[in-house]
Amino acid sequence: MTNTYRDVGVAGQQDEEDFVDILEERRLSSDLGFALRTFGPRLHKGSPPCSSAELHRAVLESQYLRYVTKEVAMETGSCEQEVREEVCGILGEMSQNLQLRFIRLMAYMMTKVFKTVFSAIFVNVEGLNMLQQATQENPVILMPNHRSYIDFLVISYIMFSYDIPVPVIAAGIRNSCRNEDCRRDTTPLWGVLYPTLYWAVLSEYVRTIVRKGFAPLEFFVEGLRSRTLKSISPKLGMMHMVLEPFLKGEVYDITLVPISISYDRVLEESLLAHELLGVPKPRESTTGLLKASRVLQENYGSMHVNFGRPLSVRQLCEGKINRCQYNLTPRDLPQKPSADVQACVSWMAHLVVRIQEEGSRISPWSLMACLLLQVPAAVLTEQGLLWHRLTEKTLWLRRLALDFGAHLNWPEQIPDSDVLLSTLALHRTVVHQKAGRVFLVLGGEPEGRHPVSPEEGVMRTAAAALMLVSYRNQSLHVFVRPALLATAVSVTKSTQRDDLLAYFCFLQDVFSNEFIFVPGRSSQDFEEAGSLLKKCEAVHISQQEVTVSDSGLEVLSFLQELLKPFINSYQLMFRYLCEDADQIFTEKQFLHAVRTLATNAVLSGELDTYEVLSSNVQRNVLSALQRLGMATKMKRSENEEYKVDKAAVGRAGDVLSGKVPPQVLQATPAARL
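Residues numbered from 1 in each chain as written. Predicted model: local features only at pLDDT ≥ 70, side-chain atom pairs only at ≥ 80, totals over all residues. Heavy atoms only, no water.

A. Geometry of the side chain of Ser366. Structurally, the position occupied by Ser366 is in helix H17 (residues 364-372). In this structure Ser366 touches Tyr471, Arg472, Gln474 and Ser475, once residues within four positions along its chain are discounted. (Helix = DSSP H or I, 4+ residues; strand = E, 2+ residues; numbered from the N terminus. Contact = heavy atoms within 4.5 Å.)

B. Looking closely at the sheet that holds strand S16 (residues 639-644). Here we have 3 strands laid out as an open sheet, ordered S14-S16-S15, and antiparallel in their pairing. Edge positions in the sheet fall to strand S14 (584-586) and strand S15 (631-636), since each has one partner strand and no second. Strand-to-strand twist across the sheet, computed as the mean angle between neighbouring axes with direction ignored, equals 35°. Where S14 meets S16, 3 bridges bridge the pair, whose relative direction is antiparallel. For Phe585, the partnering residue across the bridge sits in S16 and is Tyr642. Against the sheet, helix H27 (residues 615-627) touches S14, S15 and S16, its axis set at about 105° to S15. (Pairing = 2+ DSSP bridges. Axes fitted to C-alpha atoms, helices over the stretch in contact; angles between N-to-C directions.)

C. Region of the structure containing the pairing of strand S10 (residues 431-434). Pairing between S10 and strand S11 (residues 437-440): 4 bridges, direction antiparallel. Bridge pairing in S11 links Lys434 to Arg437.

D. Quick look at the packing of helix H22 (residues 476-492) against helix H25 (residues 553-579). Across the interface, H22 lies against H25 with an axial gap of 8 Å and an inter-helix angle of 95°. The orientation of H22 with respect to H25, classified from their angle, is roughly perpendicular. Here Leu476, Phe479, Pro482, Ala483, Leu484, Ala486, Thr487 and Ser490 of H22 come into contact with H25, specifically with Leu556, Phe558, Leu559, Gln560, Leu562, Leu563, Phe566 and Ile567. Within the contact of H22 with H25, the residues separate by chemical class into 13 nonpolar, 3 polar and no charged. (Parallel < 35°, antiparallel > 145°, perpendicular 65-115°, else oblique. Nonpolar A, V, L, I, M, F, W, Y, C, P; charged D, E, K, R; others polar.)

Here it is as structure tokens:
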């Protein structure tokens, strides 16, 4: 099987009529009757029935946990029984109540909530049919994207609705030192080892579920909920866990099922921008979110849940790894994965996230947000943007998105003008229409007696702008590859394919924390970008050159502007690190300094993007510099500090601005790309 997500294929990219609204029937029947209906899912054919108690016993009696328990007891000076009791507590906390009575209660409650806040929940039937078959053949791993605290509730609700086994949710460390303050004999050493113990219990719990086929396992490969509504680089720890039974030959195959969850409007939207701007917010949880009366009084539009085509781990790994290496170590003992295994797992995780992106449904609002963010903030807050101009450009962008292969949540049976008006009404907390113009809604209006300072004004506008940014991000994956090539054309001023490819690859290296690129396919991404631009007649492509067509300026200008906030943000931070920052600093110092610098740059008119104020973008810069070898993270006392190679960062900034070609970096040992 080839190493491209397109060749792997995505189920669910069907016509809209292949999606069904699971709430439609719920609105016509009894909620209690639905919750109490017969529920008889067919289990994995190779697995005997296993109760929760039997599962717990298998985990606790595993040789691996016995080994870890003994090691932790020796390190902390505790008795093994004491550590074992701690293990039991951790296991009890992370395990889930899959009793049928609890499932029915949740089904009843979720029906009430979902009917209140969503107009529809669309699910692709073909994907569900394939999932139902897959659960009977091999251990199944459900891998949804993570945009809301209710993601896992929606998946479980759908599984119950279609008589598919309800999944076990595997989550990482939420509060790894949960019991540290409760122990009478708390020691610093115990605090250090508790996360190790927690991780050992979690990994054995996950592996046991996979080995026994107890139930489908569900986890978020991105690790955390995306506060920007765009995909996050996958975290590989849990991925290694779920694949280990296959790698060690304990199961014949494992089935991965990518799931794309697309929201018209997320329930947490009011928190997104404030989190990114560093504004303290109350501790969040799924229960707290659903208890909030304001949430239950709002309309959040529709949701699409797209179950992708099941992927065989055995087929994906064919020719990439040698599993014989696992025969050299007893299965019950921990083993560090080899370089080829790590590379394969990383490739597979990125592949899943790309399939999630390909299976998502793009809303009209996301396209409108792309366009609104290319209008100066002063226009949106003061004069407003002409509504008819926005509608014209949105319809133009719809055609471009379809040319690029996007799958849109755009009702065909409703006039376009009505679709756009209803979209604007749904997002009235972000923008509003007045006298034929569209204005950005600024929250937190001050009292007349307390005028807003210039800095406070920037933050208020930034909060509103970052709301738009989050919804724009839902469609970025559609445009990002053509946008990289369009930017390469603009910056290099070259038509030579080799020059454009070099700068394209440089941008991918720099922005790998912002966008998802499957490792090892930069050349294919470049060819794909060129093909898409050629398809919309924006460029002409020959064997040696890429030239702009007379009719391609509008497309290229839009794509260049789409990437411009990221380039400007990175350039500002690169310049700060080269000119003003100490060579060694903490993340907190960096975030504070950059936020101050960016605020002043916005006020002076030097900078016209508010995305640089996002802590997500700021942290991504640090991660990118680490990955590229231009910064090193060090542990000193209680703080993690960064040491930056100012010369290397300066060279990267020069390449980003087009002053020097990317080959300069490749020839410089201090900055590997």
